[in-house]
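So you can see what is in the structure, the chains are spelled out below.
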Amino acid sequence: MRILIIGEGGRESALAAKLQNDSRISKMFFANGNATTDVIGKNVHLSEIKELRDFAIKEKIDLTIVGPEAPLVAGIKDEFKKHDLKVFGPTQKVASLEGSKAFSKKFMQTYDIKTAKAVVFDSYNEAKEYVQTQQYPLVIKASGLAGGKGVVICDNLEEAEATIHDFMIRRIYGDAGIRLVIEEYLQGFEASIIAFSNGEKLFPCVAAKDYKKAGNGDTGPNTGGMGSVAPSPEFTQEHYADFEKNILEPTVKGLKAEGFGFKGIIFFGLMVTKNGAYLLEYNMRFGDPETQVLMALMENNLLDVIQDCMEGKDIELKFKDEKAVCLVMCSGGYPRNIEIGFEITGEDKLKHSKLLYAGAVTKGDKVVSNGGRVLNIVATGATYEDARKKVYEDAGHVHFDYGFYREDIGKF
């Protein structure tokens, strides 16, 4: 088989590492890839859907796996399908469950999926009037794609009005913020559940915990993720039963009712409160950095799982009875202003963990930083502390100028 994986982060490195020893795969291509995928297969510099389509036709690609959300929301599945090219992922319409928070919230409300109370606004003035009458904290979300950064928890009216102005008038996230979802604030802990879809049913993985804030103790600005652990230490069997009844099952019913059957991934971003689990958002692809810990624990052959889903077969997911920790090392200044191009050293000194590059590329015989989240260090152990010790011991050997990471991943 010839496989194309679209994306260039740690998630794509984790998927590639999971697939690399499968004898059925003769060649893997990555658009645009990174320093890890460059070793596993071949990186190709393509971004436009038509370029990717033409490449897939020319190279006789048997399966395309889409990592990031943007190509799915732009309709890559629809375009590839016209040419009998197989894509593991949803159509453009179904991808709107991630691409439009307004569309997603309406879907949740229509099918009685447990979620925060919310109102959608297209009007700047109406949004401003609304927040003047609400209790705080309050959550304001850009409806469109904003790279995981278009969500602000506002503690008072002044912050809410400033956020609305930033999103709708200044357009700091472009068109993503011209429509807003304003919803009640939920107090609790977050959990991520990634499920495989075979077109009819959903098959969830173990829950994972993602650390969003840039600083120790969950301080500082939101990021795309500073680390992850699996299984989530806080997410109990009781929480799962609540999720299954009030979120998973009505989601399946809603997908069927809307004709949204698809072969791919659906990610449930949850907030677990004293009143149970609430759905914050859907993502229609593998999460990052959750995929890194899930792939480390998954016992199944990933290609088998994907092929069975593509063929509409039921699957039985199996995970090791261990704990996994992923630490993300970032460029100085992330998630705001970053500098790139610094040489990364120390990979050869890792003893207990796996290094997966993300925002890093090969230049000659060196690997240099090329993004905000530069690399991931992943380990498993009998306990969270075992895995954590491995990750942090190895992290001490890896260096690049101005690099930093949180010191409390896996401490909870």
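Computed from a prediction, not measured in an experiment: that's the story for all the values here.

J.: Summarise helix α13 (residues 384-395); cite the residues concerned and give the values.
T.: In this model α13 runs 16 Å from its N-terminal to its C-terminal C-alpha over 12 residues, within 8% of the 16 Å that 1.5 Å per residue would give. Taken residue by residue, α13 has Tyr384, Ala387, Arg388, Val391, Tyr392, Asp394 and Ala395 as its buried positions. Buried residues of α13, seen end-on, are gathered within an arc of 165° and therefore sit on one face of the element. Of the surrounding elements, those touching the buried residues of α13 are β13 (219-230), β16 (323-330) and β20 (373-381).

J.: Break down the nonpolar core for me, with residues and values.
T.: Counting 43 residues, the largest nonpolar core has Ile65, Phe88, Phe196, Phe286 and Leu317 as the members making the most contacts within it. Look past the residues within four positions of phenylalanine 88 in its chain and what remains in contact with it is Leu63, Thr64, Ile65, Val66, Phe196, Lys263, Gly264, Ile265, Phe286, Ile306, Cys309 and Met310. Counting residues in each nonpolar core, the second largest holds 28 residues, with Leu97, Phe107, Phe262 and Val272 among its members.

J.: Which residues make up the environment of lysine 389, and what values go with them?
T.: Residue position: lysine 389 is located in helix α13. Each C-alpha atom of the pair lysine 389 and lysine 263 lies 38 Å from the other, and the pair is 126 residues apart in sequence.

J.: Quick rundown of the UniProt feature "domain: ATP-grasp" (unreviewed entry) in the chain? Include the residues and the values.
T.: Under the present numbering, the feature "domain: ATP-grasp" (unreviewed entry) in UniProt falls on residues 105-311. Helix makes up 32% of residues 105-311 and strand 33%, whereas the separation of the span's terminal C-alpha atoms amounts to 30 Å.

J.: Lay out the pattern of salt bridges in plain terms, naming residues and giving numbers.
T.: Tallied over the full model, the rule gives 24 salt bridges. For lysine 114, the salt bridge goes to aspartate 242, with nearest N and O atoms at 3.6 Å. Placement of the pair is lysine 114 in the loop between α7 (101-110) and β6 (118-121) and aspartate 242 in helix α10 (residues 237-257), with a sequence separation of 128 residues. In this structure aspartate 242 comes out as buried when scored by relative accessible area, which is 16%. In this structure, lysine 256 and glutamate 200 form a salt bridge, with 3.9 Å as the shortest nitrogen-oxygen distance.

J.: Describe the packing of aromatic side chains, listing the residues and the values that go with them.
T.: Across all of its chains, the model carries 15 aromatic pairs by this definition. An angle of 50° between the planes, with centres 5.0 Å apart, marks the rings of phenylalanine 121 and tyrosine 130 as tilted. Residue classification places phenylalanine 121 among the buried residues on the basis of a relative accessible area of 8%. Arranged with centres 5.6 Å apart and planes meeting at 65°, the rings of phenylalanine 167 and tyrosine 173 form a pair that is edge-to-face. Assessed through its relative accessible area of 28%, tyrosine 173 is described here as partly exposed.

J.: Lay out the layout of surface pockets in plain terms, naming residues and giving numbers.
T.: To find the voids left in a structure, one rolls a probe of water-molecule size over its atoms. Approximately 400 Å³ is the volume attributed to the second largest pocket. Lys77, Lys86, Val87, Lys263 and Met310 are, among the 22 residues lining the second largest pocket, the residues nearest its centre. Those elements giving two or more residues to the lining of the second largest pocket turn out to be α5 (76-81) and α12 (302-310). In terms of residues, the lining of the second largest pocket owes the most to one element, α12, which gives three residues. For the lining of the second largest pocket, the per-class residue count stands at 10 nonpolar, five polar and seven charged.

J.: Can you lay out the packing of helix α6 (residues 92-99) against α7 for me, pointing to particular residues and giving the numbers?
T.: Two elements in contact, α6 and α7, have axes whose closest approach is 6 Å; the angle formed by their N-to-C orientations is 95°. As judged from the angle between their axes, α6 and α7 are roughly perpendicular. On α7, the residues touching Lys93, Ser96, Leu97 and Gly99 of α6 are Lys101, Phe103, Ser104 and Phe107.

J.: How would you explain the state of the cysteines if you had to name every residue and give the values?
T.: Inspection of the entire model under this criterion finds zero disulfides. Free cysteine: cysteine 326, not disulfide-bonded; nearest cysteine sulfur from cysteine 330 at 10 Å.

J.: So, the sheet that holds strand β12 (residues 209-215): which residues are in play, and what are the values?
T.: On the basis of which strands lie adjacent, the open sheet formed by five strands has the order β12-β13-β16-β20-β17 and antiparallel pairing. Since the sheet does not close on itself, it has two edges, and those belong to β12 and β17 (354-357), each with one partner. Each strand of the sheet is rotated relative to its neighbour by a mean of 30°, with strand direction disregarded. Against the sheet, helix α1 (residues 10-19) touches β17 and β20, its axis set at about 125° to β17. Across the face of the sheet, α13 comes into contact with β13, β16 and β20 while running at roughly 140° to β20.

J.: How would you explain unusual backbone geometry if you had to name every residue and give the values?
T.: The peptide bond linking tyrosine 136 to proline 137 adopts the cis configuration, its omega dihedral lying at 5°. With an omega of -10°, the peptide bond running from alanine 230 to proline 231 counts as cis. As for its placement among the helices and strands, proline 231 is situated in the loop between β13 and α10. Phi angles above zero are rare outside glycine, and aspartate 218 is one such case at about 55°. Summarising the element assignment, aspartate 218 is placed in the loop between β12 and β13. Even without glycine at this site, tyrosine 402 takes up a positive phi of about 70°. Within the secondary structure, tyrosine 402 sits in the segment after α13.

Quick notes on the rules
- Residues numbered from 1 in each chain as written.
- Predicted model: local features only at pLDDT ≥ 70, side-chain atom pairs only at ≥ 80, totals over all residues.
- Heavy atoms only, no water.
- Helix = DSSP H or I, 4+ residues; strand = E, 2+ residues; numbered from the N terminus.
- Expected span 1.5 Å × (residues − 1).
- Buried < 20%, exposed > 50% of the residue type's maximum accessible area, 1.4 Å probe, protein only.
- Arc of directions from axis to C-beta.
- Contact = heavy atoms within 4.5 Å.
- Core = buried A, V, L, I, M, F, W, Y, C linked by side-chain atoms within 4.5 Å.
- UniProt positions renumbered as here; feature names shortened; annotations may be inferred.
- Salt bridge = Lys/Arg side-chain N within 4 Å of Asp/Glu carboxyl O.
- Phe/Tyr/Trp six-rings, centres within 6.5 Å; stacked < 30°, edge-to-face > 60°.
- 1 Å grid on protein atoms, 1.4 Å probe; cavity = no way out; pocket = protein on both sides within 12 Å on 5 of 7 lines; lining within 4 Å.
- Points joined across faces, edges and corners; volume = space filled by probe spheres on them.
- Nonpolar A, V, L, I, M, F, W, Y, C, P; charged D, E, K, R; others polar.
- Axes fitted to C-alpha atoms, helices over the stretch in contact; angles between N-to-C directions.
- Parallel < 35°, antiparallel > 145°, perpendicular 65-115°, else oblique.
- Disulfide = S-S within 2.5 Å.
- Pairing = 2+ DSSP bridges.

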